[in-house]
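Single-letter residue listing:
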Protein chains: 2
Amino acid sequence: MNVISFLQQTINLGPEIEADLTHIIVREQFPKNHILIRPGQYYRRLMFVEEGLIREHYLSMAGKDTTYRFHTEGSFVTADESFTDNQPSQYTFETLEDSVICSISHADFENILRQHPELEQLHILVMHQLIREMKERITALQFQTATERYESLLKSQPSIFQRVSLGHIASFLGISQETLSRIRSKR
Amino acid sequence: MNVISFLQQTINLGPEIEADLTHIIVREQFPKNHILIRPGQYYRRLMFVEEGLIREHYLSMAGKDTTYRFHTEGSFVTADESFTDNQPSQYTFETLEDSVICSISHADFENILRQHPELEQLHILVMHQLIREMKERITALQFQTATERYESLLKSQPSIFQRVSLGHIASFLGISQETLSRIRSKR
DNA sequence: CAGAGTCTTTGACAAAAGTCAAAAAGCAAT
DNA sequence: ATTGCTTTTTGACTTTTGTCAAAGACTCTG
């Protein structure tokens, strides 16, 4: 699924917008296990995962690697600190599979929104979607047990378990790898 | 701090915007422990806490009451499901202190954004701020211990402890009241 | 200020999750 | 198939957190 058809699903882009977008979008291939963005790096591009899977993770001072989240095909991805605040990214972004990523620069993003204000709707829609997901995630982490969170994930994104190692999934769920392994063995 | 001066801090509202806003803003007083929004209710207004404190919380199926978050003076607040998706709210909003709340309807909000597109900037800024906070919160819940989360809160919002009961703070931190009490006694 | 009600702390115990270390399983490349 | 590497599981033990119950402290009201 490419970005433009993805956007078409939501609002009908006129042919000029489509042409303008095609102009500024850069499409790149990356191999599995490629680091896209490292902590400390400035990366002011809005990405869209056309194929593959990105893991966004965080290194604690103790050196522990914690998955903040996975981004699969059809997701928009930014290094928020960089893209919105022009600060260095705190997180690492790496591909876990061969991936195709489309992206546009922050400047082009601002320009196209200025030229086609209808797109603002879409922008806001994406942010609302994000906020909704984050809110669910917060409440899950706040008052569900590890087992409940595991089962939610199994229901909402079963394919993740075929695609990602359990260590990464465990840290995403906020538990240790061993605990996840034990939860899984009990069924 | 009233809404308009609050907004002035960020961008310079022209006098017409200011007049238009003044027109549509409703200012209300609520006593302590007043329920503003109950689960199941449709509430399509954007609120701004001018004075006081709102607690947003969730009732699990087990009947457990978990604080999703606190909204203090100078915060924008909505029942997201209602305001953005026109669905019934899942959360309860209640004042924990006598509060003054300004609000505008969803329709007025849309209209004023259409009439004064400069405001869109501000709208987006508020969402970015929110997303940043939520991301921090998620990582904290994912890989910090209860004690670390307690200490962050103590650092970032020390006044909360003077204003809110420990039971509510405990559920906000994702721990039981007793655990919070024990963390506190060890220092 | 007495008494009801709420909030907070404490104790004893149970359950959940983390840690460390080692074994087992899986995978890829020779 | 064998070797080396990574991932996953298992076991033994520790730490953290939760639960239940009761006691103490605090607050508000009549």
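Details of the structure are given in the entry above.
Overview of the structure. (Residues numbered from 1 in each chain as written. Chains lettered and ligands numbered in written order. Predicted model: local features only at pLDDT ≥ 70, side-chain atom pairs only at ≥ 80, totals over all residues. Heavy atoms only, no water.)

This part takes up the overall build of chain A. The helix and strand inventory of chain A stands at nine helices and eight strands. In terms of C-alpha radius of gyration, chain A reaches 18 Å, essentially the compact-globule figure of 16 Å for 187 residues. Once the C-alpha set of chain A is aligned to its principal axes, its extents read approximately 55 × 30 × 30 Å. Burial statistics for chain A: of 187 residues in total, 48% are counted as buried. Intrachain contacts of chain A at a sequence separation of at least 6 include 70% that bridge at least 24 residues. Total accessible area on chain A stands at roughly 9,600 Å², and carbon and sulfur atoms take up 50% of it. Across chain A, 19 positive and 24 negative side-chain charges occur, with their mean positions spaced 10 Å apart. (Helix = DSSP H or I, 4+ residues; strand = E, 2+ residues; numbered from the N terminus. Rg over C-alpha atoms; globule rule 2.2 N^0.38 Å. Buried < 20%, exposed > 50% of the residue type's maximum accessible area, 1.4 Å probe, protein only. Contact = heavy atoms within 4.5 Å. Areas by Shrake-Rupley, 256 points an atom, 1.4 Å probe, with all protein chains shown as cover. Lys, Arg positive; Asp, Glu negative; His and termini not counted. Charge placed at Lys NZ, Arg CZ, Asp CG, Glu CD.)

Residues and elements named next belong to chain B. Summed over the entire model, instances satisfying the criterion amount to 20 salt bridges over all chains. The shortest N-O distance in the salt bridge between R55 and D65 comes to 2.9 Å. Of this pair, R55 sits in strand β4 (residues 53-59) while D65 sits in strand β5 (residues 65-72), and the two are ten residues apart along the sequence. Taking the relative accessible area as the measure of exposure, R55 reaches 2% and is therefore buried. Two residues, R163 and E73, come together in a salt bridge whose shortest N-O distance is 2.7 Å. Highlighted residues: R163 in helix α7 (residues 160-163) and E73 in the loop between β5 and β6 (76-77), separated in sequence by 90 residues. Classification of E73 as partly exposed rests on a relative accessible area of 37%. (Salt bridge = Lys/Arg side-chain N within 4 Å of Asp/Glu carboxyl O.)

Superposing chain B onto chain A requires a rotation of 180 degrees together with a translation of 0.0 Å along the rotation axis, leaving an RMSD of 0.0 Å. The symmetry that links the two subunits is that of a two-fold axis. Taken as a fraction of all interface residues of chain B, those also at the interface in chain A reach 100%, which identifies the copy contact as same-surface. (Least-squares fit on C-alpha atoms with pLDDT ≥ 70 in both.)

Here the distance between the centres and the angle between the planes together describe a pair of aromatic rings. A full pass over the atoms with the stated rule returns 18 aromatic pairs over all chains. Grouped by ring-pair contacts, the aromatic residues A:Y58, A:Y68, A:Y91 and B:F143 constitute a single cluster. The residue whose ring lies beneath B:K135 is A:Y91, and the NZ or CZ to ring-centre distance is 4.1 Å. Stacked on the ring of B:Y68, the Lys or Arg B:R137 has its end atom at 5.6 Å from the ring centre. (Phe/Tyr/Trp six-rings, centres within 6.5 Å; stacked < 30°, edge-to-face > 60°. Lys NZ or Arg CZ within 6 Å of the ring centre and 35° of its normal.)

Each partner contributes to the interface: chain B provides 30 residues, whereas chain A provides 30 residues. Between chain B and chain A the total buried area reaches about 2,800 Å² when both faces are included, carbon and sulfur atoms providing 69% of it. Summed over the three residues of chain B that lose the most area to chain A, namely B:K135, B:Q142 and B:F143, the buried surface amounts to 26% of that side. Where chain B packs against chain A, one counts eight salt bridges. A salt bridge links B:D85 to A:R132; its shortest N-O distance comes to 3.0 Å. (Buried area = accessible area lost by both parts, 1.4 Å probe.)

Looking at the secondary structure, you find B:T139 in helix α5 (residues 118-143). C-alpha of B:T139 to C-alpha of B:V100: the two residues are 39 residues apart in sequence and 32 Å apart in space. Not counting the four nearest positions on each side in its chain, B:T139 is found in contact with A:Y68, A:Y91 and B:Q144.

So, about the protein's contact with DNA strand D. Neighbouring DNA strand D are 16 residues; A:L166, A:R182, B:S176, B:E178 and B:T179 lie closest to it. If you look at DNA strand D and keep only atoms within 4 Å of the protein, 46% of those are sugar or phosphate atoms. Between DNA strand D and A:R182, the relevant distance is 2.5 Å, taken from a base nitrogen to a side-chain nitrogen or oxygen of the residue. Of all the secondary structure elements, the ones that give two or more residues to the surface near DNA strand D are α8 (166-173) and α9 (177-185) of chain A together with α9 (177-185) of chain B. (Near = heavy atom within 4 Å. Polar contact = N/O pair within 3.5 Å; in protein donor to acceptor, adjacent residues only side chain to side chain.)

Here we come to the protein's contact with DNA strand C. In the neighbourhood of DNA strand C, 16 residues make up the surrounding shell, with A:A146, A:S176, A:T179, B:L166 and B:R182 lying closest. In the interface set of DNA strand C, defined as its atoms within 4 Å of the protein, sugar plus phosphate atoms amount to 49%. Measuring from a phosphate oxygen of DNA strand C, one finds a backbone N or O atom of B:L166 at 2.9 Å. Within the side chain of B:S181, a nitrogen or oxygen atom sits 3.2 Å from a phosphate oxygen of DNA strand C. Only α9 of chain A together with α8 (166-173) and α9 of chain B provide two or more residues apiece to the surface near DNA strand C. The element that contributes the greatest number of residues to the surface near DNA strand C is α9(B), accounting for five residues. Classifying every residue of the surface near DNA strand C gives three nonpolar, nine polar and four charged. (Nonpolar A, V, L, I, M, F, W, Y, C, P; charged D, E, K, R; others polar.)

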